[in-house]
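Topology and contacts: notes
Below are the chains, spelled out letter by letter.
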Amino acid sequence: KQEVTQIPAALSVPEGENLVLNCSFTDSAIYNLQWFRQDPGKGLTSLLLIQSSQREQTSGRLNASLDKSSGRSTLYIAASQPGDSATYLCAAQGGSEKLVFGKGTKLTVNP
Amino acid sequence: DTEVTQTPKHLVMGMTNKKSLKCEQHMGHRAMYWYKQKAKKPPELMFVYSYEKLSINESVPSRFSPECPNSSLLNLHLHALQPEDSALYLCASSQVPWGQGHNEQFFGPGTRLTVL
């Protein structure tokens, strides 16, 4: 059974700092790994999706990497801004096609 | 149109009420999903519709009744709910139908449901 873990559970950084969010998964037989952002009480916004054959994806200040052999993905946020404050969720999709979510990392960027 | 919409945004209902949640997408996606999310928890899959047919029911109680009238619309009918059913209900859609491998899911803004 796939298990997804996100560390840390919460992170507080000053504005302008570069930061890394971590996601690990136990079963490397995945189709893809998806990173989402969720603001309080809101829906999920898809940030990046990395196919199993890819190593990384980039969108603006965001860069996500995938290492299937080690069961890890990272989300790198460059030059963080207060508007980046949110909960970030990663989800692995494998043979069952169901998204298996981590519990999220709550990010606070302080002005 | 590149988004999933959900109505209403908020819903308060009593345990004897009947209400419905609505989800729409006009991206031509072939699969649609209902998720339930409790506070500070990740979303939990409830139902999957693919080509307007129910593909997955994650052992959801019968007081939740999904319906897919057409390829763009997904409803969740609610009846005799319990206070513990209070949660954020999220709808999602994907271009790739269920059962055909990987599919990127796009989520709506959710309906905040409170059961009194």
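Higher on the page you've got the structure.
Below, the structure is looked at part by part. All of these numbers come straight from a predicted model, not from anything done at the bench.

Thoughts on the environment of Phe64 of chain B
All names here are of chain B. With respect to the helices and strands, the residue Phe64 is situated in strand β7 (residues 64-70). In this structure Phe64 comes out as buried when scored by relative accessible area, which is 5%. Setting aside chain neighbours within four positions, we find Phe64 in contact with Met46, Phe47, Leu76, His77, Leu78, Leu81, Asp85 and Tyr89.

Focus on unusual backbone geometry
At the junction of Ile7 of chain A and Pro8 of chain A, the peptide bond is cis and its omega measures out at 0° in the coordinates. Following the sequence through the fold, Pro8 of chain A ends up in the loop between β1 (4-7) and β2 (10-14). The linkage connecting Thr7 of chain B with the following residue, Pro8 of chain B, adopts the cis geometry, with an omega of -10°. Among the structural elements, Pro8 of chain B can be located in the loop between β1 (4-7) and β2 (10-13). Even without being a glycine, Tyr51 of chain B presents a positive backbone phi close to 50°. In this model, Glu52 of chain B sits at a positive phi of 65°, which is unusual for a non-glycine residue.

Quick notes on the state of the cysteines
All names here are of chain A. Under the definition given, this model contains two disulfides over all chains. Linked covalently through their sulfurs, Cys23 and Cys90 form a disulfide whose S-S length is 2.0 Å. When the S-S torsion is 80°, as for the bridge of Cys23 with Cys90, the disulfide is right-handed. Residue Cys23 is located in strand β3 (residues 19-25), and its partner Cys90 is located in strand β9 (residues 86-94); the two are separated by 67 residues in the primary sequence. For Cys23, a relative accessible area of 2% translates into the label buried.

Quick word on the pattern of salt bridges
Following the criterion strictly, the structure yields six salt bridges over all chains and no others. Asp39 of chain A is the salt-bridge partner of Arg37 of chain A, the closest N and O atoms lying 3.0 Å from each other. Residue classification places Arg37 of chain A among the buried residues on the basis of a relative accessible area of 17%. Residues Lys36 of chain B and Asp85 of chain B are paired through a salt bridge, measuring 4.0 Å at the closest nitrogen-oxygen approach.

Things to note about the sheet that holds β1 of chain A
All names here are of chain A. Read from one edge to the other, the open sheet built from five strands follows the order β1-β3-β8-β7-β6, with strand pairing classed as antiparallel. The outermost strands of the open sheet, each flanked by one partner alone, are β1 and β6 (56-59). Going across the sheet, the axis of each strand differs from the next one's by a mean of 15°, ignoring polarity.

With respect to the nonpolar core
Grouped together as the largest cluster of nonpolar side chains are 23 residues, with contacts concentrated most on Leu33, Trp35, Leu75, Ile77, Tyr88 and Leu107 of chain A. Breaking this core down by element, the ones donating at least two residues are β3, β4 (30-38), β5 (44-51), β7 (62-67), β8 (72-77), β9 and β11 (105-110) of chain A.

Examining the sheet that holds strand β8 (residues 73-79) of chain B
All names here are of chain B. The strand order β1-β3-β8-β7 describes an open sheet built from four strands, whose pairing is antiparallel. Of all the strands in the sheet, just β1 and β7 have a single pairing partner and so form its edges. The average angle at which neighbouring strand axes cross in this sheet is 20°, direction not considered. Sheet analysis places strand β3 (residues 18-25) next to β8, joined by seven bridges and oriented antiparallel. Note that in β8 the partner of Lys18 across the bridge is His79.

Definitions and limits used
Residues numbered from 1 in each chain as written. Chains lettered and ligands numbered in written order. Predicted model: local features only at pLDDT ≥ 70, side-chain atom pairs only at ≥ 80, totals over all residues. Heavy atoms only, no water. Helix = DSSP H or I, 4+ residues; strand = E, 2+ residues; numbered from the N terminus. Buried < 20%, exposed > 50% of the residue type's maximum accessible area, 1.4 Å probe, protein only. Contact = heavy atoms within 4.5 Å. Disulfide = S-S within 2.5 Å. Salt bridge = Lys/Arg side-chain N within 4 Å of Asp/Glu carboxyl O. Pairing = 2+ DSSP bridges. Axes fitted to C-alpha atoms, helices over the stretch in contact; angles between N-to-C directions. Core = buried A, V, L, I, M, F, W, Y, C linked by side-chain atoms within 4.5 Å.

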